[in-house]
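Remarks on the overall topology
Spelled out from the first residue to the last, the chains are:
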Amino acid sequence: MAEEFSRSVEDGLRLAKRIYFGNDRAVAPPKPPASMTKSETGFLPTGPMVYAVINDPAIVDNPDIPSYQPHVHGRCDPPALIPIQMNAIELVAECYLDTALVTLSGTWRLHCVSSVRSSDCRIAVPMGAQGSILGAEVSVNNNRKYYFTQLVDLEGDIRKENWLEARDGGFLKPHIFTFDIPQIDGGSIISVKFRWSQNILCRNDLFSLLVPFTFPDFVNPAGKRMSKKEAMQVKVNAVTGNEFQPHQMSHPLKEKRHSDEGTKVFTYDSNVLSFTKSDFRFSYIVPSSQINGGVLLESPSSGDFGEKEVFCMYLSPGNLQSYKVFRKDIVFVIDISGSMRGKLIEDMKSSLSAALSKLDADDSFSIIAFNGESYQFSSSLELASKDNIEKATEWINMNFVAGGDTNISNPLKTAIEMLSGGRSSVPIVFLVTDGTVENERQICDMVKKRMVKKESISPRIYTFGIGPFCNQYFLRMLAVIGRGQHDTALDVDTVQLRMQELLDKASSLVLANITVETFDNWDKVELYPFHLPDLSSTGPLVLSGSYKGHFPETVKVKGVLADFNNFDLDVKIRKFKDLPVEKLCARDQIDYLTAKAWLLENKELEQKVVEMSLDTGFMSEYTGMTVLGHDLAKSKHKAKLKRKYTTRKRRNIQGEPVILLPNMGIGFGDLTRTMENVQPGCEEPRLPDQAELLVLAASHCCGRLCNHCCCMCCIQCCGKINHQFANTITQLCVGIGCYSCFSCCVDLCCADMDG
């Protein structure tokens, strides 16, 4: 999908050369940067973009100045995507703990479609780290047309018989969300507002926000007099009570006074000659020399979460550069099945070798590679000496050969057994896989039974999933049971980066066996997850939960430090008027409850996830996203209608279609593709139907010849050839057409016989 999208944009830029901008010599047709043309995905959006979806090339023209170019015969299949010109863009980010709530607003003009024609428009928005969509609104020509997204219950919604399934839209890549708006008139002004939640990268006491915000030259409006405006705003509430300091910023933001205690606002607003060519980056430091924590409270609106109130609890390590971390006994359990071949197995070799080189001399390790069988580097743990690490690296290069099936149970059982023995360390199993297996629930039961408290610290299980074919909820639940953490790389290009981040967390633990003593004897509280993971020096540990009744005035947290001394902390209870605690907790709560519902096969939990998803706007496996639209020019109550659409209780408008977007959830794994050893990231091309076969056969040969030629070039060329050469070309084209039709007929006959 990503490669096809990129090729369509490249075709669109080539097609946009037809547009006539008048006699202004400063205006030239858009030219793609040389660096972008070298990659198959070089034209993917690096900032919010809107594209004209061009099926018929004849509609491409300047809506203000018709060029009267020769008519173009044929159609674009797949459609060409012409990036339309942007007039203004605004980014607003609200930062709390490790989460940012981002709102993006922009206006574009459909500059490439004739004023008497119309086309669909595709909106594409790349999000930051682990972004989650919260909604989108689109208005055309000052609310003449209005579109918005809405979450729906995929099973229980009584309107689903009237839904239209969109062929395009959803996630182009795990961080790029797209959807189409139908039939926009040429020259229209399109206003878009898009909201999402994303992670803030944390390292010790440094917090860094990164938002994709790079725009190519071809989105700048043609002509020097066209206004171009960009604005940015960051609102930071560290919520810890400590004063924070800005560290670095990519754009010249200025601090603005804010009335709320502990909150700072930074803004930038300017008319520019061209839009920014660098992503938005903002980092800040929250200084603290010791472990600290707090509880954030908020009362949700009536009806939310079964009338329970929501709380968020965090533990922060502060800047503990001189603080002792736990000694580690770690067993790496790595999938080397057939689907890991190629780039993935090489990434595993590099990542694992880098992880081994970072072990301390008093740490110990072992490696288990698995497919249908298990292959051990050693039968017992080895000290992380220089010689042993060199031997392990050689063993990895020799034994990491992708092939065979996937069997997780046996190597996982072996790893847990190797770590039993009660040493003065944190025992860690680090599991990596890209597939799913049949006995996943049985594996969870096996791990539960083996997590007995014979040792002072039971084995921790960290899980890392690669691609869309593994069951991320199985891996998440496995990590919860093992008091570890889980991460995933749905995009295979991010495997090394994401895996290294999880390895860093597992390798820098400063507080283990964390319990909340106050909650032990309180049956009206529910904490997510129920087994608390350990605190790492890399960043804060953020937990959430719900409760009924009055929240205690004090909360006591206990744990064990790296020197095995006990640790106690009285956590502060903090209340904020406008702090969106519900949204800070929702993503993790939905993921945890989905994993629990999968494990227990519990329909009531599934329904709880649905209610939580609809209330907070975060996607789930049991809800889908729809696009609804209405022509507000026909309504007498525009403002009333618009306000109505922004609530959860809104419904589709009578007579208007409800379009269900595809590719929204990550699913519960794909056993069939795992057994077939399909590589993550490999896309199956869409097979054309029988009618399309005829069109493709007739146009394939000429399409290759004309791919880089415009109509005027063809006319000028044909005007210079003699009659004999023209007759020869005509006979050749007739012969090729007959051959193509014959091949097409054979394909159709074969398809009919198969049917």
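Scroll up for the structure.
Let us look at the structure shown here. (Residues numbered from 1 in each chain as written. Predicted model: local features only at pLDDT ≥ 70, side-chain atom pairs only at ≥ 80, totals over all residues. Heavy atoms only, no water.)

Our focus in this paragraph is the sheet that holds strand 33 (residues 566-575). In spatial order, the strands read 29-31-20-19-33-32-28-30; together these eight strands make up an open sheet with mixed pairing. Because the sheet does not close on itself, it has two edges, and the strands there are strand 29 (525-528) and strand 30 (535-536). Pairing of strand 28 (residues 509-516) with strand 30, which is carried by two bridges, proceeds in the antiparallel orientation. Pairing of L511 across the sheet is with L535, part of strand 30. (Pairing = 2+ DSSP bridges. Helix = DSSP H or I, 4+ residues; strand = E, 2+ residues; numbered from the N terminus.)

Quick look at the pairing of strand 17 (residues 263-271) now. Where strand 14 (residues 229-237) and strand 17 come together, nine bridges link them in antiparallel fashion. When the sheet's bridge partners are listed, A231 is paired in strand 17 with D269. Where strand 16 (residues 254-256) and strand 17 come together, three bridges link them in antiparallel fashion. Bridge pairing in strand 17 links K256 to V265.

Turning our attention to the sheet that holds strand 12 (residues 201-203). Pairing within the open sheet is antiparallel, and its four strands lie in the order 12-13-18-15. If you trace the sheet from one side to the other, it starts and ends with strand 12 and strand 15 (245-249), each paired once. Direction aside, neighbouring strands of the sheet carry axes that sit 20° apart on average. Here strand 15 runs beside strand 18 (residues 280-285); their pairing, made up of four bridges, is antiparallel. Bridging across to strand 18, M249 finds its partner in F282. (Axes fitted to C-alpha atoms, helices over the stretch in contact; angles between N-to-C directions.)

With that settled, the discussion passes to the environment of F530. Mapping F530 onto the fold places it in the loop between strand 29 and strand 30. Judged by its relative accessible area of 39%, F530 falls in the partly exposed class. In this structure, the C-alpha to C-alpha distance between F530 and V480, residues 50 residues apart in sequence, is 7.7 Å. Filtering out sequence-adjacent residues up to four positions away, F530 remains in contact with V480 and Y592. (Buried < 20%, exposed > 50% of the residue type's maximum accessible area, 1.4 Å probe, protein only. Contact = heavy atoms within 4.5 Å.)

This part covers the packing of helix 9 (residues 581-600) against helix 10 (residues 603-616). Running from N to C, helix 9 and helix 10 point in directions that differ by 160°, and their axes come no closer than 9 Å. It follows from the interaxial angle that helix 9 and helix 10 lie roughly antiparallel. Viewed along their axes, helix 9 and helix 10 form a crossing whose handedness is left-handed. In contact with E582, K583, A586, Q589, I590, L593, T594, K596, A597 and L600 of helix 9, helix 10 contributes L605, E606, K608, V609, M612, S613 and T616. A class-by-class count of the residues in the contact of helix 9 with helix 10 yields eight nonpolar, four polar and five charged. (Parallel < 35°, antiparallel > 145°, perpendicular 65-115°, else oblique. Left-handed = near helix turned anticlockwise from the far one by under 90°. Nonpolar A, V, L, I, M, F, W, Y, C, P; charged D, E, K, R; others polar.)

In terms of burial, strand 4 (residues 99-109) is a largely internal element, nine of the eleven residues being buried. Of the strand pairs in this sheet, strand 3 (residues 85-96) and strand 4 are connected by eleven bridges, and their pairing is antiparallel. Across the sheet, residue A88 finds its bridge partner in strand 4, namely T107. The turn linking strand 3 back onto strand 4 is made up of two residues, and L97 within it adopts a positive phi angle of 50°. Inspection of the sheet shows strand 4 paired to strand 11 (residues 189-199) by eleven bridges, in the antiparallel sense. Note that in strand 11 the partner of A100 across the bridge is Q198.

With that out of the way, let us pick up helix 5 (residues 440-450). Within helix 5, burial applies to E440, I443, C444, M446 and V447. End-on view of helix 5: buried residues confined to an arc of 160°, all on one side of the axis. The exposed residues of helix 5 that point more than 90 degrees off its buried face are Q442 and K449. In this fold, the buried residues of helix 5 make contact with helix 4 (409-418), strand 26 (460-466), helix 6 (472-481) and helix 9. (Arc of directions from axis to C-beta.)

Take it as geometry only, folks, not as evidence of what the structure does.
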